Amino acid sequence: MNQTPYLLSVIIAGCLYAFGQYISSEPIRNQDQVLTVQATGKATSVPDIEHVMLGVQIQPQATAAGATDLLAKQVSAVVAAIKKLGIEDKDIKTQNISVQPSYNYEDGKQALRGFEGSEQIEVTVRKTGLSGEVIARGAEVGANQIGGVTFASDDSSVQ
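Residues numbered from 1 in each chain as written. Predicted model: local features only at pLDDT ≥ 70, side-chain atom pairs only at ≥ 80, totals over all residues. Heavy atoms only, no water.

Asks: Outline the overall build of the chain, listing residues and values.
Replies: Summing up its helical and strand segments, the chain has 4 helices and 4 strands in all. Listing the helices and strands of the chain from first to last along the sequence gives α-α-β-α-β-β-α-β. Sorting the 159 residues of the chain into buried and exposed places 23% on the buried side. Within the chain, contacts between residues at least 6 apart in sequence are counted, and of these 75% link residues at least 24 apart. For the chain, the exposed surface amounts to about 11300 Å²; the carbon and sulfur share of it is 54%. (Helix = DSSP H or I, 4+ residues; strand = E, 2+ residues; numbered from the N terminus. Buried < 20%, exposed > 50% of the residue type's maximum accessible area, 1.4 Å probe, protein only. Contact = heavy atoms within 4.5 Å. Areas by Shrake-Rupley, 256 points an atom, 1.4 Å probe, with all protein chains shown as cover.)

Asks: Explain the nonpolar core residue by residue, including any values.
Replies: Counting 19 residues, the largest nonpolar core has Leu54, Ile82, Ile87, Ile121, Val123, Val125 and Val134 as the members making the most contacts within it. Elements represented by at least two residues in this core include exactly strand 1 (49-61), helix 3 (64-83) and strand 3 (109-125). It is helix 3 that contributes the most residues to this core, 6 residues altogether. Not counting the four nearest positions on each side in its chain, isoleucine 82 is found in contact with Leu54, Ile87, Ile92, Ile121, Val123 and Val134. (Core = buried A, V, L, I, M, F, W, Y, C linked by side-chain atoms within 4.5 Å.)

Asks: Account for helix 3, naming residues and giving values.
Replies: In a regular helix each residue adds 1.5 Å, so 20 residues correspond to 28 Å; helix 3 covers 28 Å between its end C-alpha atoms and thus fits that length. Buried residues of helix 3: Ala67, Leu71, Val75, Val78, Val79, Ala81 and Ile82, and no others. Looking down the long axis of helix 3, one finds its buried residues gathered within 160° of arc, a one-sided arrangement. Close packing links the buried residues of helix 3 with strand 1, strand 2 (92-106), strand 3 and helix 4 (131-140). (Expected span 1.5 Å × (residues − 1). Arc of directions from axis to C-beta.)

Asks: Give me the lowdown on the pairing of strand 1, citing residues and values where you can.
Replies: Both strand 1 and strand 4 (residues 145-152) contribute to a ladder of 7 bridges, which runs antiparallel. Bridging across to strand 4, isoleucine 49 finds its partner in alanine 152. For strand 1 and strand 3, the ladder comprises 10 bridges, and the chain directions are antiparallel. The partner of valine 56 across the bridge, within strand 3, is glutamate 119. (Pairing = 2+ DSSP bridges.)

Asks: How would you summarise the sheet that holds strand 2 if you had to cite specific residues and measurements?
Replies: Reading across the sheet, the 4 strands line up as 2-3-1-4 and stay open at both edges, with antiparallel pairing between neighbours. Because the sheet does not close on itself, it has two edges, and the strands there are strand 2 and strand 4. Geometrically, the sheet is characterised by an average inter-axis angle of 15° between neighbouring strands, direction not taken into account. In the packing of helix 3 onto the sheet, the strands contacted are strand 1, strand 2 and strand 3, and the crossing angle to strand 1 comes to about 150°. (Axes fitted to C-alpha atoms, helices over the stretch in contact; angles between N-to-C directions.)

Asks: Outline helix 4, listing residues and values.
Replies: Residues of helix 4 that are buried include every one of Ser131, Val134 and Gly138, and no others. Buried residues of helix 4 fall within an arc of 55° about the axis and therefore sit on the same side. Positive phi shows up at glycine 142, right after helix 4, with a value of about 135°.

Asks: An account of unusual backbone geometry is needed here, citing residue identities and associated values.
Replies: Its identity is not glycine, yet aspartate 107 carries a phi of approximately 55°, on the positive side. Using a relative accessible area of 80% as the deciding quantity, one classes aspartate 107 as exposed.

What follows is the structure in structure tokens.
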């Protein structure tokens, strides 16, 4: 009887077992090849732009269209006033516009008061120190929400 097929099977099984042991011991063989890096970095820059958040909120109007029109007029007045300070169109961005119904609740019943609205704009001020004037002019012509001033660097590679 020819024992070559049995012998060949035993050799292949032994090779597979040895190869499996070799693969499973890889973390042990490579444990001295670990690279650990630890670093600390710091980037600083002097702010050269300011972001001012201004908003207009209107009281309830009889219709949604009336609320939208009044809101547009008041925000346009704010934008025109701050443009007079040298602020460019590209530096005025609308962040939010909202018009929603407003209700009175009397004796457990809901009655429509009208439609109120609000709009917020972000103004990028590229001339340092002008943000106070932007806020003052905006408030003079109808901005009744001031979100504050944040400072940043116009060079995005350092932020």
